[in-house]
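# Topology and contacts: notes
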Amino acid sequence: DAKTTQPPSMDCAEGRAANLPCNHSTISGNEYVYWYRQIHSQGPQYIIHGLKNNETNEMASLIITEDRKSSTLILPHATLRDTAVYYCIVRAWGLGGTSYGKLTFGQGTILTVHP
Amino acid sequence: EAGVTQSPTHLIKTRGQQVTLRCSPISGHTSVYWYQQALGLGLQFLLWYDEGEERNRGNFPPRFSGRQFPNYSSELNVNALELEDSALYLCASSLDRAETQYFGPGTRLLVL
């Protein structure tokens, strides 16, 4: 699976949009971009994923650049409960190989939402 | 719909003991994954079970093992516990082998 690079930490004011960047310059054609978040000591929570088109759900929007080398997770109106570690993960949906089935978590971005 | 459930929530063991952790996937999900989150080491993939078979294994010693039952629930067994096995053990499930993984709340294991 391709490696991802995220800033170690970001701050956001409550009520404002939080834009979390992720670089995945070595992504290949069959790899999806996934976002999870982990609130302190809880299990990771799935947020959104996409291949090449922008995606939106009730939690967030995912913007993927045309060359697919980077993406941005957007939380449109951040609240204090959005304070968490956000993980950007690239995952292949192909069959076989040592990376098959597993998610490879990096260090993520610690997002702190301030009142 | 109930999410992934894990038991117990917390566990304290001593070095050399054995432990069994349990996971029930979301109803209809056939794949179960195990991850370890030790302090300062991040989330590490442990094992993946699908349709009762082990499909992939992370870089962990053989004393970490598991199984998946016909109802798709799963157990993770750790033998000969070491201090560094202290961690949050997370289980995830997916509808099929290529689908999105959904995580449970985890079991926190402390080895003294």
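Presented here is a report on the structure given in the accompanying data block. (Residues numbered from 1 in each chain as written. Chains lettered and ligands numbered in written order. Predicted model: local features only at pLDDT ≥ 70, side-chain atom pairs only at ≥ 80, totals over all residues. Heavy atoms only, no water.)

### Focus on the overall build of chain B
- Looking only at helices and strands, chain B features zero helices and 11 strands.
- Listed by position from the N terminus, the elements making up chain B come as β-β-β-β-β-β-β-β-β-β-β.
- Against the globule reference of 13 Å for 112 residues, chain B gives a C-alpha radius of gyration of 13 Å, in line with a compact fold.
- Projecting the C-alpha coordinates of chain B onto the three principal axes gives extents of approximately 35 × 25 × 25 Å.
- By residue count, 51% of the 112 residues in chain B fall in the buried class.
- Contacts in chain B between residues far apart in sequence, at least 24 positions, make up 54% of those at least 6 positions apart. (Helix = DSSP H or I, 4+ residues; strand = E, 2+ residues; numbered from the N terminus. Rg over C-alpha atoms; globule rule 2.2 N^0.38 Å. Buried < 20%, exposed > 50% of the residue type's maximum accessible area, 1.4 Å probe, protein only. Contact = heavy atoms within 4.5 Å.)

### Some words on the nonpolar core
- Formed by 22 residues in total, the largest nonpolar core has its most connected members in B:V19, B:L21, B:W34, B:L46, B:L76, B:Y89 and B:L109.
- Broken down by secondary-structure element, the contributors of at least two residues to this core are β3 (19-24), β4 (31-38), β5 (42-50), β8 (74-78), β9 (87-94) and β11 (107-111) of chain B.
- Once residues within four sequence positions are removed from consideration, B:V19 is found in contact with B:L11, B:K13, B:L76, B:N77, B:V78, B:L81 and B:L109.
- Counting residues in hydrophobic clusters, the runner-up holds 21 residues, among them A:C22, A:I27, A:A84 and A:C88. (Core = buried A, V, L, I, M, F, W, Y, C linked by side-chain atoms within 4.5 Å.)

### Considerations on the sheet that holds strand β4 (residues 45-50) of chain A
Residues and elements named next belong to chain A.
- Spatial ordering of the open sheet is given by β1-β9-β8-β3-β4, a layout of five strands whose pairing is mixed. Each edge of the open sheet is held by one strand with a lone partner, namely β1 (9-13) and β4. Strand after strand, the sheet turns through a mean of 25° between neighbouring axes, direction not considered.
- Across three bridges, strand β8 (residues 84-92) lies against strand β9 (residues 109-114) in antiparallel orientation. For V85, the partnering residue across the bridge sits in β9 and is I110. (Pairing = 2+ DSSP bridges. Axes fitted to C-alpha atoms, helices over the stretch in contact; angles between N-to-C directions.)

### Some details on unusual backbone geometry
- Of note, the amide linkage connecting B:S7 to B:P8 takes the cis form, showing an omega dihedral of -10°.
- The residue B:P8 is located in the loop between β1 (5-7) and β2 (10-13) in this model.
- With a phi angle near 65°, A:R68 is a residue other than glycine that sits in the positive phi range.

### Quick word on the packing of aromatic side chains
- Going through the model one piece at a time under the given rule, you end up with 13 aromatic pairs over all chains.
- Arranged with centres 6.4 Å apart and planes meeting at 15°, the rings of A:Y34 and A:Y36 form a pair that is stacked. Across the pair, A:Y36 and A:Y34 agree in class, each one buried.
- Their ring planes at 85° and their centres at 6.0 Å tell us that A:F105 and B:Y35 sit as a pair that is edge-to-face. With one member in each of two chains, A:F105 in the loop between β8 and β9 and B:Y35 in strand β4 form a pair that bridges those chains. Both residues of the pair, A:F105 and B:Y35, belong to the buried class.
- Taken together, the ring pairs connect A:Y34, A:Y36, A:Y46, A:Y87, A:F105, B:Y35, B:F45, B:Y102 and B:F103 into an aromatic cluster. (Phe/Tyr/Trp six-rings, centres within 6.5 Å; stacked < 30°, edge-to-face > 60°.)

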